[in-house]
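Examination of the molecular architecture
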Amino acid sequence: MSHYIETFRGVVYPWHCDHQGHMTAMHYVGMFDPAFWHHVSALGFSRAYMAEHHTGFVDVRDTLEYKVELRVGSLVVIESGLLKVGNTSMTALHRMRNSDTGEIAATSEKISIYFDIEKRAKTPLPSDLRAKMDANLVTADS
């Protein structure tokens, strides 16, 4: 069973595109970023939870792969899943699809560290949410 969840929907507007007519890298990142926050919230790390515990996430690596051009008017959907959960980190895969064709247009594989905001240092993932994370692992090809 796939544990990918939908985390973003959008449309490519003219201001997302460059002089060559396709969406620019900064706007791919601009769509993957909110997908990340919806994903961690669905895993239990809501804004309220993190504020109460004085925690957050810090990205340490983001590998983007561009597969199919997106042009003005393209409808996109991003689905997100966890590839790996460590003691203080997680690796998530976000897949951006062209809604009309179903093709994967781009992926973002992101390594994020759970972070104590007050100490400004990494901190272990909480065990209650860790169990939910472990139950929702995916493979890159599922």
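Parameters at a glance
- Residues numbered from 1 in each chain as written.
- Predicted model: local features only at pLDDT ≥ 70, side-chain atom pairs only at ≥ 80, totals over all residues.
- Heavy atoms only, no water.
- Core = buried A, V, L, I, M, F, W, Y, C linked by side-chain atoms within 4.5 Å.
- Buried < 20%, exposed > 50% of the residue type's maximum accessible area, 1.4 Å probe, protein only.
- Helix = DSSP H or I, 4+ residues; strand = E, 2+ residues; numbered from the N terminus.
- Contact = heavy atoms within 4.5 Å.
- Expected span 1.5 Å × (residues − 1).
- Salt bridge = Lys/Arg side-chain N within 4 Å of Asp/Glu carboxyl O.

What follows deals with the nonpolar core. With 15 residues, the main nonpolar core has Phe45, Phe57, Leu82, Met90, Leu125 and Met133 as its most contacted residues. Listed by contribution, the elements that provide at least two residues to this core are α1 (25–42), α2 (47–53), β3 (75–85), β4 (89–98) and α3 (127–134). With sequence-adjacent residues up to four places away left out, leucine 82 is seen in contact with His39, Leu43, Met90, Thr91, Ala92, Met133, Asn136, Leu137 and Val138. Phe8, Val12, Ala35 and Met96 belong to the second-largest nonpolar core, a separate cluster that totals 14 residues.

This next bit is on α1. For α1, spanning 18 residues, the distance from its first C-alpha to its last is 26 Å, which sits close to the expected 26 Å at 1.5 Å a residue. Listed in full, the buried residues belonging to α1 are His27, Tyr28, Met31, Phe32, Ala35, Phe36, His39 and Val40. Of the surrounding elements, those touching the buried residues of α1 are β1 (5–11), β2 (55–66), β3, β4 and β5 (104–116). One or two positions beyond α1, positive phi appears at glycine 44, with a value near 110 degrees.

A complete count under the given rule lists eight salt bridges for this structure. Among the salt bridges present, the one from arginine 130 reaches aspartate 134, with a minimum N-O distance of 3.2 Å. Remark: aspartate 134 and arginine 130 occur in helix α3; sequence separation between them is four residues, near one turn of the helix. Given a relative accessible area of 36%, aspartate 134 falls into the partly exposed group.

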